[in-house]
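Descriptive analysis of the structure
Here is how the chains run, residue by residue.
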Amino acid sequence: MLREEILWVRIAPGSALDERDLAARFEVSRTPIREALLLLAGERLVQFLPNRTSIVAPFSLDNAGDYLDTALIISRAVARAAALSGRAEAAVLNERVQRFVQAVEAEDWEASLRSSLEVLRHLAGLSGNIFLIKFFDEVIDGGMRMWVLHYYPNATADERRVAVGRLEALAEAVLAGDAAASDSAIEQMILAEIAIIARSLEPQFGAEMRLDRFGQGLDAL
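As a starting point, this report considers the structure included with it. (Residues numbered from 1 in each chain as written. Predicted model: local features only at pLDDT ≥ 70, side-chain atom pairs only at ≥ 80, totals over all residues. Heavy atoms only, no water.)

Structural notes on empty space enclosed by the protein
Once rolled over the atoms, a probe with the size of a water molecule shows which space is left empty. All chains considered together, the criterion is met by one cavity of 30 Å³ or more. Forming the walls of the largest cavity are 23 residues, and the residues nearest its centre are Leu113, Leu117, Leu120, Trp147 and Glu193. Among the elements of the structure, α4 (64-85), α5 (90-105), α6 (109-127), α7 (130-142), α8 (144-151), α9 (157-175) and α10 (179-200) are those that each provide at least two residues to the lining of the largest cavity. Tallying contributions element by element places α6 first for the lining of the largest cavity, with four residues. (1 Å grid on protein atoms, 1.4 Å probe; cavity = no way out; pocket = protein on both sides within 12 Å on 5 of 7 lines; lining within 4 Å. Points joined across faces, edges and corners; volume = space filled by probe spheres on them. Helix = DSSP H or I, 4+ residues; strand = E, 2+ residues; numbered from the N terminus.)

Given below as structure tokens:
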């Protein structure tokens with residue numbers, strides 16, 4: 001539960017994690033709380049400070065490029081493996097895609113993200129490759145806060161509708177057993193999402209401010 005709240009930014013990055021408060025909230029002793037914090041520290045979701053205080057790991061983009069490269073490579077591998085597996089069932093896959101469509105239509109961004117990730121995890125499962133499934137799960141969790149903080153709040157209604165078409169194209173390619181088309185579909189989907197994340201980091205007003213008058217004293221008035 002604590003991990004879920006950190007990944008979905010219900011507990012803000014940098015927030016203190018008081019063992020006593022958490023023990024009272026979850027109605028357990030402090031021992032399992034400490035064990036949970038240690039496990040989360042191993043996933044780089046919690047940090048221990050020198051004064052023995054624990055905090056939610058701050059969200060940083062210092063390795064975002066490495067992460068996005070890895071996410072793109074593994075996602076493309078998942079799409080190709082799912083298409084080549086021959087295990088995809090139209091009824092099952094289309095039902096998952098429709099959950100995403102309904103969430104987008106309802107403008108429920110959390111349900112949209114959950115349902116799209118459900119589709120991708122289902123594709124990973126179709127591969128039957130335990131290593132691909134494991135690492136893909138880690139990649140999804142590793143970037144969850146980036147999507148929560150920078151993608152969905154900044155994607156427009158039109159961009160979300162286009163995302164529906166991209167996910168449907170991915171499902172169609174997998175069901176057709178077309179590895180190349182599946183690869184291309186998921187690549188376009190992720191690159192479009194990355195473009196929105198990058199846009200969210202652009203200055204909102206600073207570039208439009210006139211600064212040429214500063215330093216000119218009364219002459220600027």
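Considerations on the environment of Asp183
By the element assignment, Asp183 lies in helix α10. In sequence terms Asp183 and Ile196 are 13 residues apart; their C-alpha atoms lie 20 Å from each other. Sequence-distant contacts of Asp183, that is, excluding residues within four places in its chain, are made with Arg76, Ala79 and Arg80. Side-chain polar atoms of Asp183 contact the side chain of Arg80, separated by 3.0 Å. (Contact = heavy atoms within 4.5 Å. Polar contact = N/O pair within 3.5 Å; in protein donor to acceptor, adjacent residues only side chain to side chain.)

What about the packing of aromatic side chains?
According to the stated counting rule, one finds four aromatic pairs in the structure shown. Arranged with centres 6.2 Å apart and planes meeting at 35 degrees, the rings of Trp109 and Tyr152 form a pair that is tilted. Here Trp109, found in helix α6, pairs with Tyr152, found in the loop between α8 and α9; they are 43 residues apart in sequence, far enough to count as distant. Note on Trp109: relative accessible area 33%, which makes it partly exposed. A relative accessible area of 4% places Tyr152 in the buried class. On the basis of an interplanar angle of 85 degrees and a centroid distance of 4.7 Å, the ring pair of Tyr151 and Tyr152 is categorised as edge-to-face. In this structure, Tyr151 and Tyr152 share a single accessibility class: buried. Aromatic rings pair up to connect Trp8, Trp109, Tyr151 and Tyr152 into one cluster. The ring centre of Trp8 lies 4.1 Å from the NZ or CZ of Arg114, which sits over that ring. (Phe/Tyr/Trp six-rings, centres within 6.5 Å; stacked < 30°, edge-to-face > 60°. Buried < 20%, exposed > 50% of the residue type's maximum accessible area, 1.4 Å probe, protein only. Lys NZ or Arg CZ within 6 Å of the ring centre and 35° of its normal.)

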